[in-house]
Amino acid sequence: MRFTTVLLPASVFTLAFGLSGLMVTRTESHAKAAPKALVENLSTRTTPPTEEPLLAQVRMHLRSGDLEGALSLLRAAAGRDPVSFFNVLATLPKISGLDQAIQEAGAALPWKEKSSIDLLNSIMAEDWRDIALESWAGSRVGGVPDEEILATAQKVRNSGWIAGITRLMEDAAEKRPTEFMDLLNRRGGTALREAYMGKIMAVHPELASALYRSIPDGSLGANYDRAYALQARVRMQPSAKNLMATLEDAPGGLQSSFAWQFSRIAYGAADPAGRRELTTAIASQSPSARYRLLSGALFSEKPLPAEEFNQALALSPSGIQQREALESWVKAQPDLSPGERTWIDALPTSKLRSRAVELMDQRAADSR
Amino acid sequence: MTPLPSDPERIRLAAIAGRVTEARSELERLLTAGATDQELAPWLSAILMADPGWLETFVLRVPDERRASLLHATMLAMMELQPDSVWNLVRRSPSALAVMKNPPPHVRRDLLRASLRSKLATEVLFDPATGLNNEELAKIFANGAGSVQGARRIFQECAGGRWEGEMPDCIRAAWYQLRDEDEAKLRELEACLPEAIAGNLAKLEKLKQSIKPGSLISSDPSSAELIDLGGAGIAALSRERTEAGRPLPLETVAALPEELQPTVFNDYISGLFPFNAPLAERSLDQLEGLPLSDAIKDKMRETAAGAVWEDLGDIETALSFAAKITDEAMRIKATTELLENYAQTDPPGAMERAAGMEAGPQRDRFEKTIKAALP
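Residues numbered from 1 in each chain as written. Chains lettered and ligands numbered in written order. Predicted model: local features only at pLDDT ≥ 70, side-chain atom pairs only at ≥ 80, totals over all residues. Heavy atoms only, no water.

This part takes up the overall build of chain A. Check the secondary structure of chain A and you find 22 helices and zero strands. The buried share among the 368 residues of chain A stands at 55%. Residue pairs at least 24 apart in sequence account for 66% of intrachain contacts in chain A once pairs closer than 6 positions are excluded. Of the accessible surface of chain A, which amounts to about 15,600 Å², a share of 53% is contributed by carbon and sulfur atoms. (Helix = DSSP H or I, 4+ residues; strand = E, 2+ residues; numbered from the N terminus. Buried < 20%, exposed > 50% of the residue type's maximum accessible area, 1.4 Å probe, protein only. Contact = heavy atoms within 4.5 Å. Areas by Shrake-Rupley, 256 points an atom, 1.4 Å probe, with all protein chains shown as cover.)

Attention shifts here to the overall build of chain B. Regarding its fold elements, chain B presents 23 helices and zero strands. For chain B, the C-alpha atoms occupy an extent of roughly 95 × 60 × 35 Å along the three principal directions. Expressed as a percentage of contacts within chain B between residues at least 6 apart in sequence, the contacts between residues at least 24 apart total 62%. Within the structure as shown, chain B displays about 16,400 Å² of accessible surface, and the carbon and sulfur contribution to it stands at 50%.

With 104 residues, the main nonpolar core has A:F85, A:F86, A:L98, A:F180, A:Y196, A:L326 and A:W343 as its most contacted residues. Ignoring sequence-local partners within four residues, the contact set of A:F180 consists of A:D146, A:L150, A:L168, A:M169, A:A172 and A:Y196. Core analysis: the second largest hydrophobic core is formed by 71 residues, B:M49, B:L81, B:M167 and B:A174 among them. (Core = buried A, V, L, I, M, F, W, Y, C linked by side-chain atoms within 4.5 Å.)

All names here are of chain B. Throughout the structure, instances matching the rule amount to 46 salt bridges over all chains. Salt-bridge contacts for E337 lead to K333; the nearest nitrogen and oxygen are separated by 3.1 Å. Here E337 pairs with K333, and both are found in helix 21 (residues 328-345), just four residues apart, close to one helical turn. Residues joined by salt bridges that share partners form a network here, namely R179, E183, R187, E190 and E205. (Salt bridge = Lys/Arg side-chain N within 4 Å of Asp/Glu carboxyl O.)

Residue and element names in this part refer to chain B. Compared with the 18 Å implied by 1.5 Å per residue over 13 residues, the 18 Å span of helix 23 (residues 361-373) between its first and last C-alpha is a close match. Every buried residue of helix 23 is listed here: F366, T369, I370 and A373. Viewed end-on, helix 23 has its buried residues packed into an arc of 100°, placing them on one side of the element. Turned more than 90 degrees from where helix 23 packs its buried face, P361, K368, K371 and A372 sit exposed. (Expected span 1.5 Å × (residues − 1). Arc of directions from axis to C-beta.)

What follows is about the confidence of the model for chain A. All names here are of chain A. When pLDDT is averaged along chain A, the result is 86; 85% of the residues meet or exceed 70. Confidence drops under pLDDT 50 across residues 1-5; counting only partners more than four residues distant or on other chains, this segment forms 17 contacts. Contacts from residues 10-46, a stretch scored under 50 in pLDDT, to residues over four places away or in other chains number 105 contacts. (pLDDT = per-residue confidence, 0-100.)

Working definition: an aromatic ring pair is given by the centre-to-centre distance plus the angle between the planes. The full count for this structure, using the stated rule, is 13 aromatic pairs over all chains. Ring centres of B:W309 and B:Y342 lie 5.7 Å apart, and the angle between their planes is 85°; on these two criteria the pair is classed as edge-to-face. One end of the pair, B:W309, is in helix 19 (residues 294-312); the other, B:Y342, is in helix 21, with 33 residues separating them in the sequence. For the pair shown, B:W309 and B:Y342 are each scored as buried. Three or more aromatic residues joined by ring pairs make a cluster, and in this case those are A:F258, A:F262 and B:F275. Over the aromatic face of B:W309 sits the side chain of A:R292, whose NZ or CZ is 4.9 Å from the ring centroid. Of note, B:R12 hangs over the ring of B:W43, and the distance from its end group to the ring centre comes to 4.8 Å. (Phe/Tyr/Trp six-rings, centres within 6.5 Å; stacked < 30°, edge-to-face > 60°. Lys NZ or Arg CZ within 6 Å of the ring centre and 35° of its normal.)

This part is about the environment of B:W87. Residue and element names in this part refer to chain B. Along the polypeptide, W87 turns up in helix 6 (residues 83-92). Given a relative accessible area of 0%, W87 falls into the buried group. The spacing of W87 and A334 is 247 residues in sequence and 58 Å in space, taken between C-alpha atoms. The contacts of W87, once residues within four sequence positions are left out, are M100, S115, S118, L120, A121, V124 and L125.

Moving on, we come to the interface of chain A and chain B. With 76 residues of chain A in contact, the opposing surface of chain B contributes 80 residues. Here chain A and chain B share an interface that buries about 6,500 Å² over both sides, 56% of which is from carbon and sulfur atoms. Applying the counting rule to chain A against chain B returns one salt bridge. Residue A:E68 is joined to B:R10 by a salt bridge in which the shortest nitrogen-to-oxygen separation is 2.7 Å. Seen at the junction of chain A and chain B, the total is 17 residue pairs in polar contact (both at pLDDT 80 or more). The element contributing the most residues to the side of chain A that touches chain B is helix 14 (residues 222-236) of chain A, with six residues. The residue makeup of the side of chain A that touches chain B, split by class, is 32 nonpolar, 27 polar and 17 charged. (Buried area = accessible area lost by both parts, 1.4 Å probe. Polar contact = N/O pair within 3.5 Å; in protein donor to acceptor, adjacent residues only side chain to side chain. Nonpolar A, V, L, I, M, F, W, Y, C, P; charged D, E, K, R; others polar.)

Next up on the list: the side chain of B:D298. With respect to the helices, strands and loops of the structure, B:D298 is situated in helix 19. Residue classification places B:D298 among the buried residues on the basis of a relative accessible area of 3%.

Summing up the model confidence of chain B, the mean pLDDT is 89 and the portion of residues at 70 or higher is 99%. Scoring the predicted complex yields pTM 0.84 and, for the interface, ipTM 0.84.

Attention now moves to the side chain of B:S45. Residues and elements named next belong to chain B. Here S45 is to be found in helix 3 (residues 37-50). At a separation of 2.7 Å, a polar atom in the side chain of S45 contacts the main-chain carbonyl oxygen of A41. A distance of 3.2 Å separates a polar atom in the side chain of S45 from the backbone oxygen of P42.

Residues and elements named next belong to chain A. With their axes 8 Å apart at the nearest point, helix 12 (residues 192-203) and helix 14 run at an angle of 30° to one another. In terms of orientation, helix 12 and helix 14 fall into the roughly parallel class. For the element pair helix 12 and helix 14, the recorded crossing hand is right-handed. Where helix 12 abuts helix 14, its residues L192, R193, E194, M197, G198, M201 and A202 lie against A222, D225, Y228, A229, Q231, A232, R233, R235 and M236. (Axes fitted to C-alpha atoms, helices over the stretch in contact; angles between N-to-C directions. Parallel < 35°, antiparallel > 145°, perpendicular 65-115°, else oblique. Left-handed = near helix turned anticlockwise from the far one by under 90°.)

All names here are of chain B. On the secondary structure map, L201 appears in helix 14 (residues 195-211). Counting along the chain gives 163 residues from L201 to D364, while the straight-line C-alpha distance between them is 60 Å. Among residues more than four places away in sequence, those in contact with L201 are F155, M167, I171, W175, E190 and L193.

The end-to-end C-alpha distance of helix 14 of chain A, which contains 15 residues, comes to 21 Å, matching closely the 21 Å that a straight helix rising 1.5 Å per residue would cover. Most of helix 14 of chain A sits out of view: 13 of its 15 residues are buried.

Our focus in this paragraph is unusual backbone geometry. For the bond running from B:F273 to B:P274, omega is 0°, close enough to zero to count as cis. Mapped onto the elements, B:P274 comes out in the loop between helix 17 (262-265) and helix 18 (277-286). Its identity as a non-glycine residue notwithstanding, A:K112 has a phi of 70°, on the positive side. Its place among the elements puts A:K112 in the loop between helix 6 (99-108) and helix 7 (114-121). Its identity as a non-glycine residue notwithstanding, A:A191 has a phi of 85°, on the positive side. Residue A:A191 is classed as buried on the basis of its relative accessible area of 3%.

Put into C-alpha cells, the structure is as follows:
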C-alpha cells in the first residue's frame, strides 16, 4: 500500500517559483560586483569612482578600530547613496547596529532596476538581505500594483520564505483579501497561498473557508497549496471549533488523513482546557472518525497527562490503537517508575491494564 | 599607528579592512596556546580576506596533521563572510586550491554550494591552471552555476565544445537560470551550441511553454506534442499538471509509445488523491477501453484502492476499486489488506460489514481480525 501524504511543517520548505524549482535544486545565487581585496585595490582601480570614497572611508575607520565612526558613516550614506551603502555592506561580516540603515537604503534603492536586484542578491548575511528586500518591496505597497511587487520581489533569490512580500500580504489580507487571493490563484506557484492564509487567519478568519475553496483546479501548485492552506488554518487557530470547520473543507473530512494530522497540531498547541474541548468534540463522532482524530491525541509529541490520556484512550474504537498508544505513551516517559502503578488501575480496559503491567515489569527488569 | 582597542571584533574588522598586524599577533598567540580550528578560523579568515597570499607563508607554521582541517574551517568561514574572498584565496594558494578541487565529504556540500555564489567561481575553476577536467567541472556545477555570470560562462564553455555527447546536468541548471535572469544572452548562446545539446534544450523550452507559469492551465497537449518533450519532460509536465489539479488526459497519455508510458503511470493515479478523487474515479472507469497493458491497469486500480482508503477513509469505494483488479492474486491481496486495515481501525463498522458478507474463508478471516482488534 502506498504511504499517505504527510504534511511537513511549513518551515521545512523554501519558496519554489514555477517550473524552475521543479527540475533544478535552487542554489544560492549571488552575483555581485565584487570589491577586490584591499591589497589589490591599491594597485588597480577596478571599483567605480563613486563607490570608492565610502568604502575607503569606512575601511579607514575600521583600520583604526573606530567601529562607531564606520557605522555613522554608513548610516549617513544609507538613504542618500544606497548603492554605495550596499556595496560596502557586501564586504562586511554581520555587525549589529545597521538594521535601520538597511531599511532606509532598501527603500531608497531604485525600484525594479536590474542593478538593484543584483545589489540585493549580493548581500551575504541572510537577515540583512531580508530586511533590505522587505523594505525595498514593502515600501511600494499601495503605490505599485500588487502583481508587480510579487513578480519583482521574487527575482531576489534565496531570500527568506516570504521576505519582500510580508507587508504586501498583510496589507492585502486586511484591505482586499479576495482580490489578492484571485491574483495568487492565477499566478499559481507553491507556498504563497499557505503564507497568505496565515495572514488571513490573523485578520479575517471568517474568510478562510471561502478563500480556501477558491483555489481552482488548473492553478499551478493548487493541490500542494490546498493541503498547506488547510494546515495553516488549524495552526493559526487550533481550537476544537476551527479544527472541525477546517476538516469540513478537507476532502474526506473527519475520515481523512488530514484528520489525524491536524488533530495532532491542535493537541500540540492547546492548553489543558483546549485539549478538553478537543476530546469532547471527538467523543461525539463516528468510530472511524474517532480513530483518526484520536491518533493526533494519543500519539502527540508530548505525552498527555495520565487522566487526559485515559479519557482519550477510552474513546478509541480499536483495541490495537489503544495498545499502540499505551506503548508509545509509556516509552515517551522514561521517568515513569515501575514502582508507581496506581495509574494502571485507571486504564479503561482489562487488556490495557494487563499490557501496562507487562510494560512496567519489563521496565523494572531492564533497570536491574 | 594608534593602537587598536583590544576588542576581538574590532581587531578582525580592522584586518578585513587591511590592517592585519594585530590580528596576526592574536592568531600566533592562539596557535601557540593550542586553540582549536574553530577558534583560529575567524582570525585567519579575516586576515586572508585582506591578504590571501599570506596563507602559503602561514601554513608552514601549522603542523602537517592539522593543516587540512584548519583550512576547511577557514574557507567555510570565509564563505559566510564573502564568497569572492574564497576564490581570491584559491587563485593564490595551492593549499586552498587543493581543498577546492577535492573537498572531503563533510565540507564538500557547504563549501561548493555557498562558494558558487561568487561569479569568480567559474573564472577560477575553468582556468586551465586550476587543472580540472570536463567531468569534474560538470559535476561541480551540476546543481547550478550559482551566479548568472557563472551560468553564462558554462554556456560559453559548452558552445566551445567542452562537453560532447550526453548533455550534462550543469547545462540544464544553467539554462534555467539564464532563462530567468538573462534570456537575451541565453538565446544568443543557444545558437552556438552543439546540435544534440541544442535539441535537448529545445525540449526544455517546449516544456516550459506547455506549463506557462503565471496563468491557469487552459488546454491539453496532443500526444505528438508530448512525444516532443521526451521522457523526462513528459514526467515533469505530468507531475506539474497533476499537482495543479488538471492532469494530462488519460487517453492522450495512453496513446504514447510504450517506452514512454512508465514515466507517467507510476504516479498518475496517486497524485489525484486527495483533491481530485472524482477524476481518479473517472480514470478508472476509462481504463478498460484504453490501450494499456493489464499490468499498468491493475497497478492503477491497486494504487487507487489504497489511496481512497488511506487519504479519504472510504472503505466501500476502496473495495470497489480493488474488486476491479483483473489479476486474481493481486486482487485478493489488495482486498484482504484493505479489510484487515479496516478491521483494525473501525471494529464496529467492520463488524456490520462482515454481517453482510457472503459466508466463506474471507469472511471468517475478516471476523477473526475484527475480534482481535476489539478494545
